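# Understanding the architecture of this molecule
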Amino acid sequence: MQADGALHAAKCGVQYDALPMRIIVLGCGVVGLTSALRLLEAGHAVELWARELTPHTTSDVAAAVWFPYRAFPQERVTAWARRTWDVLAADAALGPQTGVRMAQGVELERTPGPEPWWRACVPALRRARPEELPAGYAGGWSFEAPVAEMPLYLRFLMERVQALGGTVVRREVHGLTEAWVAAEGVVNCTGLGARTLVGDTALFPIRGEVLRVERVPEERFLSDDEDPRGIAYVIPRFTDCILGGTAVEGSWSLEPDPEEAAGILERTSRLLPRGVRPRVLEHRVGLRPGRAAVRLEVERSGKRWVVHNYGHGGAGVTLSWGCAEEVVAQVAAL
C-alpha cells in the first residue's frame with residue numbers, strides 16, 4: 001500500500017527523497033492527518049497520537065469550503081492555500097467516496113472592492129454577474145473551490161494513513177517529552193491544544209457555530225463576510241447543507257447558543273432561494289485555533305526535535321496539504 005501512497009503523491013506533484021525516521025504526529029484533525037500522510041509517503045514510520053478521533057475533532061465541525069479565512073501571514077498562506085486547492089481538486093476527481101467535491105461559489109460584496117488578496121490561490125476568478133447575486137448585494141467574486149464533507153473526508157484520510165502502515169493511538173499527551181520517549185521526532189498538530197502542550201499563549205479560540213440543515217435547492221456556496229450582524233454562508237454538500245456562522249474571539253464555550261442559531265438562520269435567509277426555510281438537523285460548535293501567524297517551524301531540544309504545525313485560524317482545511325508538504329521538507333532538512 002505504501003507504493004499506492006507514493007503514486008498518489010506523485011500524481012499530486014510531490015517527490016520525496018529523505019532518510020526514513022520514526023515520527024510521532026500529535027493531533028488527528030485535518031492538519032495532523034495530512035501531515036501524517038505526507039510523512040508516510042516520504043517513507044517515515046509514523047504514529048499518530050490524539051486525545052480525540054473523528055467524528056469528535058474540531059475539524060469535524062468545519063464547514064468546510066476552501067477559503068483562506070483568518071490565517072496569516074498572507075504571503076505564506078497564499079502558497080499553502082494554492083497547493084491545497086490542487087490536492088483537494090485531485091481528491092474530488094477520485095469520486096464522492098473522498099468526501100470532496102468541486103463547487104462554484106460567490107464571495108459576496110455589499111460595496112464593490114478590488115480583487116481579493118487570495119486571487120493567486122485559485123486558477124480562475126471573475127466578477128459575479130448581476131443574475132448570480134442574491135437581492136441586495138452590489139457585487140461579488142465568482143470562483144470554483146473544493147468543498148469537503150468533513151466526517152467523510154476525515155475518514156478517507158484516516159483510512160489512507162492506516163493503509164500506508166501508520167498507527168493511530170487514542171492518547172492524551174501533556175508534554176512533548178512524552179512523545180520524545182517513543183521517537184526522537186515529533187510533529188505538533190494539536191491546534192488550540194498547543195496553548196497547553198507547549199505553552200503558546202499567542203493562541204486564542206475563535207468560537208464558531210454552524211447549523212447542519214437539510215439539502216437546499218442551491219448548488220453554489222455563498223458567503224457574506226460584510227454583514228454587520230456577523231458572517232453568513234451557505235455551503236451545500238452531498239446530502240445536506242451547512243449554514244453559518246460565527247467568529248467570536250476569546251470564547252471557550254462549546255455550548256450551542258439558541259440565539260446564535262436564530263441569527264444564523266436570519267442572516268443566511270437572504271442567501272437562500274426565496275421561501276426556502278430548511279429544517280435544522282444539527283447545531284454544532286467548534287473552536288478555531290487563532291494566532292497572529294501560523295506556526296510552522298522546527299524547534300530542537302538536544303537530539304530531539306519538533307516541527308510545529310498549528311494556528312491555522314479558520315483555514316485548517318484550506319492550508320492543510322501545503323503545510324503538510326512543508327513539514328516533510330523541514331524534516332528532510334534536519
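So, here is what we can say about the structure in this document. (Residues numbered from 1 in each chain as written. Predicted model: local features only at pLDDT ≥ 70, side-chain atom pairs only at ≥ 80, totals over all residues. Heavy atoms only, no water.)

### Digging into the overall build of the chain
Our working rule: Only DSSP runs of H or I reaching four residues or more are called helices, and only runs of E reaching two or more are called strands; each is numbered from the N terminus. We take the radius of gyration over the C-alpha atoms and set the globule estimate at 2.2 Å times the residue count to the 0.38 power. Each residue gets one of three labels from its accessible area relative to the maximum for its type: buried under 20%, exposed over 50%, partly exposed in between, using a 1.4 Å probe on protein chains only. Residue contacts follow a heavy-atom distance rule, with two residues in contact if any of their heavy atoms lie within 4.5 Å. Accessible areas in this description were obtained via Shrake-Rupley with a 1.4 Å probe; residue shielding takes into account the shown protein chains only. Just so you know, the count uses Lys and Arg for positive and Asp and Glu for negative, and it drops His and the chain ends. To locate a charge, the coordinates of NZ of Lys, CZ of Arg, CG of Asp or CD of Glu are taken.
A tally of regular secondary structure across the chain gives nine helices and 15 strands. Whereas a compact globule of 334 residues would reach a radius of gyration of roughly 20 Å, the chain reaches 20 Å, a difference of no more than 12%. Structurally, the chain occupies a C-alpha span of about 60 × 40 × 35 Å along its principal axes. Considering the chain as a whole, with its 334 residues, one finds that 56% of them fall into the buried category. Considering only contacts within the chain whose residues lie at least 6 apart along the sequence, 77% involve residues at least 24 apart. Total accessible area on the chain is roughly 14000 Å²; 52% of this is exposed by carbon and sulfur atoms. One finds the centroid of the 37 positive side-chain charges in the chain at a distance of 1 Å from the centroid of its 41 negative side-chain charges.

### So, the packing of aromatic side chains
Each aromatic ring pair is summarised here by two numbers: the centre-to-centre distance and the angle between the ring planes. Test applied: Working definition: rings of Phe, Tyr and Trp (its six-membered ring) pair if their centres are within 6.5 Å, and the pair is stacked with planes under 30 degrees apart, edge-to-face with planes over 60 apart, and tilted otherwise. We count a charge as sitting over a ring when the NZ of a lysine or the CZ of an arginine lies within 6 Å of the ring centre and within 35 degrees of the ring normal.
Enumeration over the complete set of coordinates arrives at five aromatic pairs. A centroid spacing of 5.2 Å and a plane angle of 70 degrees characterise the contact between Phe67 and Trp118, whose relative ring orientation is edge-to-face. On the criterion of sequence distance, the pair formed by Phe67 in the loop between helix H3 (58–61) and helix H4 (74–94) and Trp118 in the loop between strand E3 (100–109) and strand E4 (125–127) is long-range, its members being 51 residues apart. Classification of Trp118 by relative accessible area gives buried; the value is 4%. Here the aromatic residues Trp66, Phe67, Trp118, Phe143 and Phe221 are joined through ring pairs into a cluster of three or more. Above the ring of Trp49, the side-chain terminus of Arg171 is found at 4.1 Å from the ring centroid.

### Comments concerning the environment of Val61
Its place among the elements puts Val61 in helix H3. Looking at Val61, the relative accessible area reads 12%, which means it is buried. Sequence spacing of Val61 and Gly208 is 147 residues, and the spatial spacing of their C-alpha atoms is 8.8 Å. Residues contacting Val61, with those up to four places away along its chain left out, are Val210, Arg284, Val285 and Gly286.

### Observations concerning the side chain of Ser251
This is how the line gets drawn: Pairs of N or O atoms within 3.5 Å make up the polar contacts considered here, provided that, within protein, one atom can donate a hydrogen while the other can accept it, and that residues adjacent in sequence are counted only when both atoms are side-chain atoms.
Tracing the chain through its elements places Ser251 in the loop between strand E12 (248–249) and helix H8 (258–269). A polar contact of 3.5 Å, which involves the side chain of Ser251, links it to the backbone nitrogen of Ser253. Filtering out sequence-adjacent residues up to four positions away, Ser251 remains in contact with Pro205, Arg207 and Leu287.

### Observations concerning the sheet that holds strand E15 (residues 304–310)
Note the cut-off: The pairing criterion for strands is at least two bridges between them, as found by DSSP. Only the stretch in contact is used when a helix axis is fitted, and all axes are lines through C-alpha atoms; the angle between N-to-C directions ranges over 0 to 180 degrees.
The six strands lie next to each other as E6-E2-E1-E7-E15-E14, forming an open sheet whose pairing is mixed. Across the chains shown, the open sheet's two edge strands, defined by having one partner strand only, are strand E6 (167–170) and strand E14 (295–301). Recorded for the sheet is a direction-independent mean angle of 20 degrees between the axes of neighbouring strands. Where strand E1 (residues 22–26) meets strand E2 (residues 45–50), five bridges bridge the pair, whose relative direction is parallel. Looking at the pairing, Arg22 lines up with Ala45 of E2.

### Section: the packing of helix H2 (residues 30–41) against helix H9 (residues 316–332)
Quick reminder of the rule: For classification, angles of less than 35 degrees are called roughly parallel, those exceeding 145 degrees roughly antiparallel, those between 65 and 115 degrees roughly perpendicular, and all remaining angles oblique. The handedness criterion is simple: a crossing whose near helix is rotated anticlockwise from the far helix by less than a right angle is left-handed, and one whose near helix is rotated clockwise is right-handed. Polar here means any residue other than Ala, Val, Leu, Ile, Met, Phe, Trp, Tyr, Cys and Pro, which are nonpolar, and Asp, Glu, Lys and Arg, which are charged; Gly is therefore polar.
At a minimum axis distance of 8 Å, the contact between H2 and H9 shows a crossing angle of 40 degrees. In terms of axis orientation, H2 runs oblique to H9. Pair H2 / H9 crosses with right-handed handedness. Here Val30, Val31, Thr34, Ser35, Leu37, Arg38 and Leu39 of H2 come into contact with H9, specifically with Gly316, Val317, Ser320, Trp321, Ala324, Glu325, Val327, Val328 and Val331. Partitioned by chemical class, the residues of the contact of H2 with H9 number ten nonpolar, four polar and two charged.

### Quick notes on the side chain of Thr268
Along the chain, Thr268 turns up in helix H8. A distance of 3.5 Å separates a polar atom in the side chain of Thr268 from the backbone oxygen of Leu265.

### Examining the pattern of salt bridges
Quick reminder of the rule: Salt bridges are defined by distance alone: a side-chain nitrogen of Lys or Arg within 4 Å of a carboxyl oxygen of Asp or Glu.
Under the definition given, this model contains 31 salt bridges. A salt bridge links Arg110 to Asp224; the nearest nitrogen and oxygen atoms lie 2.9 Å apart. Residue Arg110 is located in the loop between E3 and E4, and its partner Asp224 is located in strand E9 (residues 221–224); the two are separated by 114 residues in the primary sequence. Looking at Arg110, the relative accessible area reads 28%, which means it is partly exposed. The closest approach of N and O atoms between Glu297 and Arg295, which form a salt bridge, is 2.6 Å.

### Some remarks on the environment of Gly193
Looking at the secondary structure, you find Gly193 in the loop between strand E7 (185–188) and helix H7 (194–197). Placed 117 residues apart in sequence, Gly193 and Tyr310 show a C-alpha to C-alpha distance of 9.3 Å.

### A word on the state of the cysteines
Note the following rule: The term disulfide is used for any two cysteine sulfur atoms that are within 2.5 Å.
For the structure shown, the criterion picks out zero disulfides. Here Cys28 stays free of any disulfide, with the sulfur of Cys189 as its closest cysteine sulfur at 10 Å.

### Focus on unusual backbone geometry
A cis amide bond links Thr54 to the next residue, Pro55, at an omega of 15 degrees. Note that Pro55 resides in the loop between E2 and H3. Across the junction of Gly244 and Gly245, the peptide omega takes the value -5 degrees, indicating a cis bond. Examined against the element boundaries, Gly245 turns out to sit in the loop between strand E11 (240–244) and E12.

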